[in-house]
Amino acid sequence: MSSARLILAASLFAVACSPASETPSSTADSAPGSDAAPRVVNVYSARHYRSDAFIYELFTEQTGIEVNLVTASGDQLIERVRVDGERSPADVIITVDAARLHRAEQAGLFAQTDYASFLPPIADNLVDPDGYWVSMSLRTRVIARSTDRVAEDAVTSYADLADPRWQGRVCTRGAGSPYNQSLLAAQIAENGEDAAQAWAAGIVANFAHDPVGGDRDQLRSVAADECDLAITNHYYYLMLANSDNPADQAVAAATTLVFPDQAGMGAHVNVSGIGIAANAPHPDEARELVSFFFSEPAQRAFAELTNEITVVEGVEWDNANLANLLPFEMDDRNVSELGDHNETAQRIFDRVGWQ
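Anyway, here's the lowdown on the structure attached to this text. Note that this is a predicted model, so its numbers are computed, not measured. (Residues numbered from 1 in each chain as written. Predicted model: local features only at pLDDT ≥ 70, side-chain atom pairs only at ≥ 80, totals over all residues. Heavy atoms only, no water.)

All right, on to the nonpolar core then. The biggest cluster of nonpolar side chains holds 103 residues, and the ones touching the most others in it are Phe293, Phe294 and Trp354. Here this core takes six residues from strand S4 (residues 134–146), the largest share from any one element. Excluding residues that lie within four positions of it along the chain, phenylalanine 294 makes contacts with Leu119, Pro120, Ile122, Val134, Ser135, Met136, Ile274, Gln299, Val311 and Val312. Counting residues in hydrophobic clusters, the runner-up holds five residues, among them Tyr49, Val96, Tyr235 and Tyr236. (Core = buried A, V, L, I, M, F, W, Y, C linked by side-chain atoms within 4.5 Å. Buried < 20%, exposed > 50% of the residue type's maximum accessible area, 1.4 Å probe, protein only. Helix = DSSP H or I, 4+ residues; strand = E, 2+ residues; numbered from the N terminus. Contact = heavy atoms within 4.5 Å.)

With respect to burial, strand S1 (residues 40–45) is a largely interior element, six of its six residues being buried. Every second residue of S1 is oriented toward a common face, with Val40, Asn42 and Tyr44 on one face and Val41, Val43 and Ser45 on the other, all of them buried. Note that S1 and strand S2 (residues 66–71) share six bridges and pair parallel. Paired with serine 45 across the bridge in S2 is threonine 71. In this view, the connection linking S1 to its parallel neighbour S2 by way of helix H2 (residues 50–63) has right-handed handedness. With three bridges connecting them, S1 and strand S3 (residues 92–96) associate as parallel partners. Within S3, the residue paired with valine 43 across the bridge is valine 92. (Pairing = 2+ DSSP bridges. Right-handed = clockwise from strand over helix to strand, strands pointing away.)

Looking now at the packing of aromatic side chains. Throughout the structure, instances matching the rule amount to eight aromatic pairs. Judged by centre distance (5.4 Å) and plane angle (85°), the ring pair of phenylalanine 207 and tryptophan 354 falls under edge-to-face. Here the residue phenylalanine 207 occupies a position in the loop between helix H6 (193–205) and helix H7 (215–223), and tryptophan 354 occupies one in the segment after helix H14 (342–352), the gap between them amounting to 147 residues. Judged by relative accessible area, which is 13%, phenylalanine 207 ranks as buried. A residue is classified by how much of its surface remains accessible, and tryptophan 354, at 2% relative accessible area, is buried. With a centroid separation of 4.5 Å and an interplanar angle of 35°, the aromatic rings of tyrosine 235 and tyrosine 236 are classed as tilted. (Phe/Tyr/Trp six-rings, centres within 6.5 Å; stacked < 30°, edge-to-face > 60°.)

What follows deals with the pattern of salt bridges. Going through the model one piece at a time under the given rule, you end up with 21 salt bridges. Among the salt bridges present, the one from arginine 149 reaches aspartate 228, with a minimum N-O distance of 2.7 Å. Pair noted here: arginine 149 is in the loop between S4 and strand S5 (170–171) and aspartate 228 is in the loop between H7 and strand S6 (229–233), with a separation of 79 residues, a long-range link. With a relative accessible area of 36%, arginine 149 lands in the partly exposed category. Two residues, aspartate 225 and arginine 169, come together in a salt bridge whose shortest N-O distance is 2.8 Å. Of this pair, aspartate 225 sits in the loop between H7 and S6 while arginine 169 is found in the loop between S4 and S5, placing the two residues 56 residues apart along the sequence. Residues joined in a network through salt bridges with shared partners are Arg47, Asp52, Arg139 and Glu308. (Salt bridge = Lys/Arg side-chain N within 4 Å of Asp/Glu carboxyl O.)

Structure representation (structure tokens):
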């Protein structure tokens, strides 16, 4: 294990042994003998990953700013901040998936911010054009094929998932998944609504069974010969590949990831995004925390602890299985465009019977 991994592991142990904060506040008790109130930042996050626990712990260690954390599912989080309105104690809002970032932006939860003025260079397509939020890590939605039953060149594009030759052999999670919604939104943006609907209908015709479970369940179905192809985020595959459980490792060995459309639009990417809250009571601390998420140790944590793809170039990290998947051609459309097509994607799912 590299020294970097050892540092991360040690920090995570410290986080695991300390109590979590659940209720944010704008003030805290001062240290004995001190007249200055401690600095705090209230974070509302839809993420529940150990990389983030490490980042918060290190941020407090280096800045002295205490992190008060509230976690909830993406939609619950958005609704909570929206209902609180100007009284909301939220300083920083973090959520997963372009569609939820779009909903939070439409609800007026983010403050317009010139992120380029204090963050390292980030690809333009990963920053909201209006400055409401910025992507802090990437995931890509790809195809998993059976290593033994599907030839290496048999599937090369998202379009192949709708080919009748795979009738009864495709597994995926349900239409309620924001990951599938954004994948379909990308198809709408690339090919138009009619073509995207025909594509979705073709996949429904190829279902091995009704959608059920998460992405790791789809990978296990491929390994169990319940289907030959599955749609998954890359990091769910890596969770199995990096697991200490021999059964998980066997599933990873039985499946191979395909990065689609490498000669065309590129593989679809989605993001975790972060923004400063519109009514942040601690805007300076919020800015410091947002900046910290793009620092070298934070970006390294995303790659090493969560198997996510970094957005800052030049960061070194130690994750051999992730490194083996890189590089690949990504769809370079602005991620915010996916949110623009989310409602249309949901209507298409309803029309084609993708439940």
